[in-house]
Amino acid sequence: MHPMIARAERVERAEEPREDHYVHLYGVTWTDYLRLLEILGDRSAPRITYVEGTLEITRPSRTHDEIKAYIGRLVEAWCLERGVEFTPYGAWTLKNRREERGAEADECYVFGSEPKQKRRPDLAIEVVWTSGGIDKLDVYRKLGVREVWYWENGRIQVYVRRGVSYETVTASEALPGIDLDQLVGFLDRPTASAAIRAYRAALRTA
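Note that the structure is predicted; figures quoted are calculated from it, not measured.

A. Representation of the side chain of Glu-99 in the model. Mapped onto the elements, Glu-99 comes out in the loop between strand 5 (93-96) and strand 6 (101-104). Owing to a relative accessible area of 18%, Glu-99 belongs among the buried residues under this scheme. In terms of polar contacts, Glu-99 uses its side chain to reach the side chain of Arg-98, at 3.4 Å. Not counting residues within four places of it along the chain, the set of residues in contact with Glu-99 comprises Glu-52 and Lys-142.

Printed below as a string of structure tokens:
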């Protein structure tokens, strides 16, 4: 299948941080990883990813966090307009000791009226802004996340878990009917509130 791709131009802002920063540590035990999570608590930054002894510490740039926040707020606007029950969990720490993997999404969601019944998000959203980080798709595969969206270079690619692997698909299955081509078209607004207002207006006229 061909990947579902959506495009949008972003407005460049002067003096904004342009790069994410990565630190990789090797030979880190699972116990060390859990200890670090305990020290950091519920803070959303830095992001921590663990894969079989390799620990990645990511400090997202302001631009990275802006993009992920815009996408998340627009997803929530779509759900409100379409009557979809949702619960956002932000950088929910997902981990599996047997698979020696742990990760924190940029944004993640559970859909439906009983979110606490689910042990994994229905949707994880990742913004790829700077090269050099661990590819989280394999991590999410082992963690059992149903659907992952990757935003990179103005495009969103959708991956849906099929058995033990991910398949690139042309539309979201977690949110049937959402037009991601339309959604990313609102990422160029100067404020999140302006993006939400314009997006909701467009949804109401569709």
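B. Here's a closer look at the environment of Gly-102. If you trace the backbone, Gly-102 turns up in strand 6. Placed 38 residues apart in sequence, Gly-102 and Tyr-140 show a C-alpha to C-alpha distance of 8.5 Å. Each residue touching Gly-102, except ones within four places of it in the same chain, is listed here: Tyr-33, Ile-48, Thr-49, Tyr-50, Leu-94, Lys-95, Val-139 and Leu-143.

C. View of helix 5 (residues 192-205). Here helix 5 contains 14 residues, and its C-alpha end-to-end distance of 20 Å stays within 8% of the 20 Å for a straight helix at 1.5 Å per residue. All of the buried residues in helix 5 are Ala-194, Ala-195, Tyr-199, Ala-202 and Leu-203. Burial along helix 5 is one-sided: seen end-on, the buried residues are contained in an arc of 160°. For helix 5, the exposed residues set more than 90 degrees away from the buried face come down to Arg-197, Arg-204 and Thr-205. Where helix 5 is buried, its residues contact helix 2 (62-82) and helix 4 (180-184).

D. Geometry of helix 3 (residues 136-143). If you check which residues of helix 3 are buried, you get Lys-136, Leu-137, Val-139, Tyr-140 and Leu-143. What you see down the axis of helix 3 is that its buried residues fit within an arc of 160°, all on one side. The backbone nitrogen of Leu-137 has a side-chain oxygen 3.0 Å away, supplied by the residue at the start of helix 3, namely Asp-135. Of the residues flanking the end of helix 3, it is Gly-144, one or two places downstream, whose phi is positive at about 80°.

E. Representation of the packing of helix 2 against helix 5 in the model. Interaxial distance between helix 2 and helix 5 falls to 10 Å at its minimum, and their mutual angle equals 35°. For the pair helix 2 and helix 5, the sense of crossing is right-handed. Note on element contacts: helix 5 touches helix 2 through Ala-192, Ala-195, Ile-196, Tyr-199, Arg-200, Leu-203 and Arg-204, opposite Tyr-70, Arg-73, Leu-74, Ala-77, Trp-78, Leu-80, Glu-81 and Arg-82.

F. Region of interest: the pattern of salt bridges. Evaluated as defined, the whole model comprises 17 salt bridges. Between Glu-81 and Arg-200 there is a salt bridge whose closest N-O contact spans 2.6 Å. Residue Glu-81 is found in helix 2, and its partner Arg-200 is found in helix 5; the two are separated by 119 residues along the sequence. One salt bridge in this structure joins Glu-81 and Arg-204, with 2.8 Å as the shortest N-O distance. In this pair, Glu-81 is assigned in helix 2 and Arg-204 in helix 5, connecting sequence segments 123 residues apart. One network of salt bridges, in which partners are shared, links Glu-52, Arg-101, Asp-138 and Arg-141.

G. Geometry of the pairing of strand 10 (residues 155-162). In this structure, strand 9 (residues 147-152) lies alongside strand 10, joined through 6 bridges in antiparallel fashion. Across the sheet, the residue bridging to Trp-149 is Val-158, located in strand 10.

H. Quick look at the sheet that holds strand 10. With mixed pairing, 6 strands are arranged side by side in an open sheet as 4-7-8-9-10-11. The open sheet has two free edges, formed respectively by strand 4 (86-88) and strand 11 (165-169), since each of these has just one partner strand. Each strand of the sheet is rotated relative to its neighbour by a mean of 25°, with strand direction disregarded. Across 6 bridges, strand 8 (residues 123-128) lies against strand 9 in parallel orientation. Of the residues in strand 9, the one forming a bridge with Val-128 is Glu-152. Sitting on the sheet, helix 2 is in contact with strand 4, strand 7 (107-111), strand 8 and strand 9, with an inclination near 15° to strand 7.

I. Geometry of unusual backbone geometry. Positive phi, close to 55°, is recorded for Glu-100, a residue that is not glycine. Mapped onto the secondary structure, Glu-100 falls in the loop between strand 5 and strand 6. Taking relative accessible area as the criterion, Glu-100 reaches 35% and is therefore assigned partly exposed.

Parameters and conventions
- Positions within a chain are numbered from 1, following the residues in the order the chain's sequence is written.
- Since the coordinates come from a predicted model, pLDDT governs what is reported: local features require at least 70, and pairs of side-chain atoms require 80 or more to be given and counted, while whole-chain, interface and lining totals use all residues.
- Side-chain calculation: all heavy atoms of the structure are included, whereas hydrogens and water are not.
- Each helix is a run of H or I in the DSSP string that is no shorter than four residues. Each strand is a run of E no shorter than two, and both are numbered from the N terminus.
- For every residue, the accessible area obtained with a 1.4 Å probe (protein chains only) is divided by the maximum for its type, and the residue is called buried under 20%, exposed over 50%, and partly exposed between those limits.
- Two N or O atoms form a polar contact when they lie within 3.5 Å of each other; inside protein one atom must be a possible hydrogen donor and the other a possible acceptor, and for residues adjacent in sequence the pair counts only when both atoms belong to side chains.
- For this analysis, residues touch if any pair of their heavy atoms sits within 4.5 Å.
- For a helix, the expected span equals 1.5 Å multiplied by the residue count minus one.
- Here, the arc refers to the directions that run from the helix axis to the C-beta atoms.
- Angles run from 0 to 180 degrees between N-to-C directions of axes, and those axes are lines fitted to C-alpha atoms, restricted for helices to the stretch in contact.
- Helix crossings fall into two classes, left-handed where the near helix is turned counterclockwise from the far one by less than a right angle and right-handed where it is turned clockwise.
- Each salt bridge in this description consists of a side-chain nitrogen of Lys or Arg and a carboxyl oxygen of Asp or Glu lying within 4 Å of one another.
- Two strands qualify as a pair provided that DSSP identifies no fewer than 2 bridges between them.

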